[in-house]
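In case you want the letters, here they are:
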Amino acid sequence: MLYLALIMGLVLIVITTKLTQALKLSSIWMLLGQIGAALVIIIVGKLEISYFNLIYGNYIELGYLTIPFSLLFLVGFTNVMNMGKEQNPLILLCPCISLVCLSISAFIMGYSFVSITGICGILSIMFVLLYGYFSGKAFVGRTLSTSIGFIIAVLSICLFKTSIVTIYIPIFTLALPLTLYYLIQDKITSVQSITVSSITAILFGVLMFIFPSNIIWYLIVGLTILLVITQSSRKYRFI
């Protein structure tokens, strides 16, 4: 049912985003579409975060906060890739790297849904990149970027249930590199800023498979604080 829920959620996001843009409606309608898609994942896909599995074997039960937290998680990470303006298709390298990390982690954990969906997402991104390269017409808009963000959010919440440390992947191989991209895109060329962001995503992705989980946990806490500070500026905000 999770595959069906993911497809239903994607269709809902695409429809609401397209209608909002075509009819020039308030962005609140896109947000409502994302909330609806998240509810489909929670209700139809039976996917939610009801507890935190900490690195030392302890658990934190969420209780009544399960659905609100799951909604916040899904909608928040869906909007990591929410781009108001069309961007160079090479920016898709960042979510591609994030999907690679998710797929490898899922393969190690034996989570077939995440690994299979992640591979399909990578192939889709590569198709868009190749099409953009040969046609010179493809640009990444809000519909595509939000859809990719939604897929990454769903895959992330799947692994998050297994280990809280996996929150490292969407934050530091996607959110942080994209924040860096927005920060430097006006100072250097688009290709250069995308290159810097992609290299950053690769470096953080490699770190996850090198350092032990307790070190990664300290990185998550420390770097999340820095990332939150950057969100104080509306220009670089993704949540």
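Refer to the preceding data block for the structure.
A brief look at the structure comes next. Here the structure is a predicted model, which means the values were calculated and not measured.

Rules behind the numbers
- Per chain, residues are indexed from 1 in the order of the written sequence.
- Totals for whole chains, interfaces and linings use all residues, but because this is a predicted model, local features are given only for residues with pLDDT of at least 70 and pairs of side-chain atoms are given and counted only at 80 or more.
- Excluded from the side-chain calculations are hydrogens and water; all other atoms, namely the structure's heavy atoms, are used.
- By definition, any uninterrupted DSSP run of H or I lasting at least four residues is a helix, any uninterrupted run of E lasting at least two residues is a strand, and each is numbered from the N terminus.
- Three exposure classes are used, based on accessible area relative to the maximum for each residue type with a 1.4 Å probe and protein chains only: buried under 20%, partly exposed in between, and exposed over 50%.
- Angular values range over 0 to 180 degrees, each being the angle between N-to-C directions of two axes fitted as lines to C-alpha atoms, with helices fitted over their stretch in contact.
- Under this scheme an angle from 65 to 115 degrees is roughly perpendicular, one under 35 degrees roughly parallel, and one over 145 degrees roughly antiparallel; angles in between are oblique.
- Left-handed describes a crossing in which the near helix is turned anticlockwise from the far one by less than a right angle; the clockwise case is right-handed.
- Contact criterion: two residues are considered in contact whenever any of their non-hydrogen atoms come within 4.5 Å of each other.
- Classification convention: Asp, Glu, Lys, Arg as charged; Ala, Val, Leu, Ile, Met, Phe, Trp, Tyr, Cys, Pro as nonpolar; all other residues, Gly among them, as polar.
- Residues qualify for a patch when their relative accessible area is over 30% and they have no salt bridge, like charges being joined within 9 Å and the nonpolar side chains of Val, Leu, Ile, Met, Phe, Trp and Tyr within 5 Å.
- Using a 1.4 Å probe, accessible areas were evaluated by the Shrake-Rupley method; residue-level cover was limited to the displayed protein chains.
- The salt bridge criterion pairs a side-chain nitrogen of Lys or Arg with a carboxyl oxygen of Asp or Glu, the two atoms within 4 Å.
- Only buried residues count toward a nonpolar core. Its members are Ala, Val, Leu, Ile, Met, Phe, Trp, Tyr and Cys residues joined through side-chain atoms within 4.5 Å.
- For this analysis, a ring pair means two rings from Phe, Tyr or Trp (six-membered ring only for Trp) whose centres lie within 6.5 Å, classed as stacked if their planes differ by under 30 degrees, edge-to-face if by over 60, and tilted for the remaining angles.
- The definition used for a disulfide is geometric: two cysteine sulfur atoms within 2.5 Å.

Looking at the overall build of the protein
Right, so step 1: Helix and strand counts for the protein come out as 9 helices and 2 strands.
Right, so step 2: Listing every helix and strand of the protein by position from the N terminus yields α-α-β-β-α-α-α-α-α-α-α.
Right, so step 3: Looking at the 239 residues of the protein, the share that counts as buried comes to 49%.

Focus: unusual backbone geometry
Right, so step 1: Of note, the phi angle at Lys24 is positive, near 55 degrees, even though the residue is not glycine.
Right, so step 2: When you line up the elements, Lys24 lands in the loop between helix H1 (2-23) and helix H2 (28-43).
Right, so step 3: Positive phi, normally seen in glycine, also occurs at Lys46, with a value near 55 degrees.
Right, so step 4: Within the fold, Lys46 resides in the loop between H2 and strand E1 (51-53).

Some points on the packing of helix H3 (residues 66-78) against helix H6 (residues 142-162)
Right, so step 1: Across the interface, H3 lies against H6 with an axial gap of 7 Å and an inter-helix angle of 140 degrees. The orientation of H3 with respect to H6, classified from their angle, is oblique. Both H3 and H6 take part in a crossing whose hand is right-handed. Seen from H3, the contacting residues are Phe69, Ser70, Phe73, Leu74, Phe77 and Thr78; seen from H6, they are Thr146, Gly149, Phe150, Ala153, Val154, Ser156, Ile157 and Phe160.
Right, so step 2: Looking at the contact of H3 with H6 residue by residue, the class counts come to 9 nonpolar, 5 polar and no charged.

A look at a nonpolar patch on the surface
Right, so step 1: A contiguous nonpolar surface patch, about 920 Å² in accessible area, is contributed by Ile7, Val11, Ile15, Leu19, Leu23, Leu25, Ile28, Trp29, Leu31 and Leu32.
Right, so step 2: At the level of secondary structure, the elements contributing two or more residues to the nonpolar patch comprise H1 and H2.
Right, so step 3: Structurally, the position occupied by Leu23 is in helix H1.
Right, so step 4: Looking at Leu23, the relative accessible area reads 56%, which means it is exposed.

Details of the nonpolar core
Right, so step 1: Membership of the largest hydrophobic core comes to 64 residues, with the highest contact counts inside it found for Ile41, Leu74, Leu102, Phe113, Val114, Val154 and Leu178.
Right, so step 2: Elements with a contribution of two residues or more to this core: H1, H2, H3, helix H4 (93-109), helix H5 (112-135), H6, helix H7 (168-184) and helix H8 (190-208).
Right, so step 3: With 11 residues, H6 is the single largest residue contributor to this core.
Right, so step 4: Non-local contacts of Phe113, meaning those with residues more than four positions away in its chain, are made with Leu2, Tyr3, Leu6, Val154, Leu155 and Cys158.

A few points about the packing of aromatic side chains
Right, so step 1: The full count for this structure, using the stated rule, is 7 aromatic pairs.
Right, so step 2: Here a set of aromatic residues connected by ring pairs shows up, and it is made of Phe69, Phe73, Phe77 and Phe160.

Points about the packing of H4 against H6
Right, so step 1: Where H4 meets H6, the closest approach of the two axes is 11 Å, and the angle between their N-to-C directions is 30 degrees. Relative to H6, the element H4 lies roughly parallel. The chirality of how H4 crosses H6 is left-handed. In this structure, H4 uses Pro95, Ser98, Leu99, Leu102, Ser105, Ala106 and Met109 to contact H6, whose residues at the interface are Ile148, Ile152, Leu155, Ser156, Leu159 and Thr162.
Right, so step 2: In terms of residue class, the contact of H4 with H6 is built from 9 nonpolar, 4 polar and no charged.

Observations concerning the state of the cysteines
Right, so step 1: Within the structure shown, the criterion is met by 0 disulfides.
Right, so step 2: Between Cys96, a free cysteine, and Cys94, which holds the nearest cysteine sulfur, the sulfur-to-sulfur gap is 9.9 Å.
Right, so step 3: On the basis of relative accessibility, which here comes to 9%, the residue Cys96 falls in the buried class.

Some points on the environment of Ile202
Right, so step 1: Inspection of the secondary structure assignment puts Ile202 in helix H8.
Right, so step 2: Judged by relative accessible area, Ile202 falls into the partly exposed class, the value being 44%.
Right, so step 3: Counting along the chain gives 102 residues from Ile202 to Val100, while the straight-line C-alpha distance between them is 9.9 Å.

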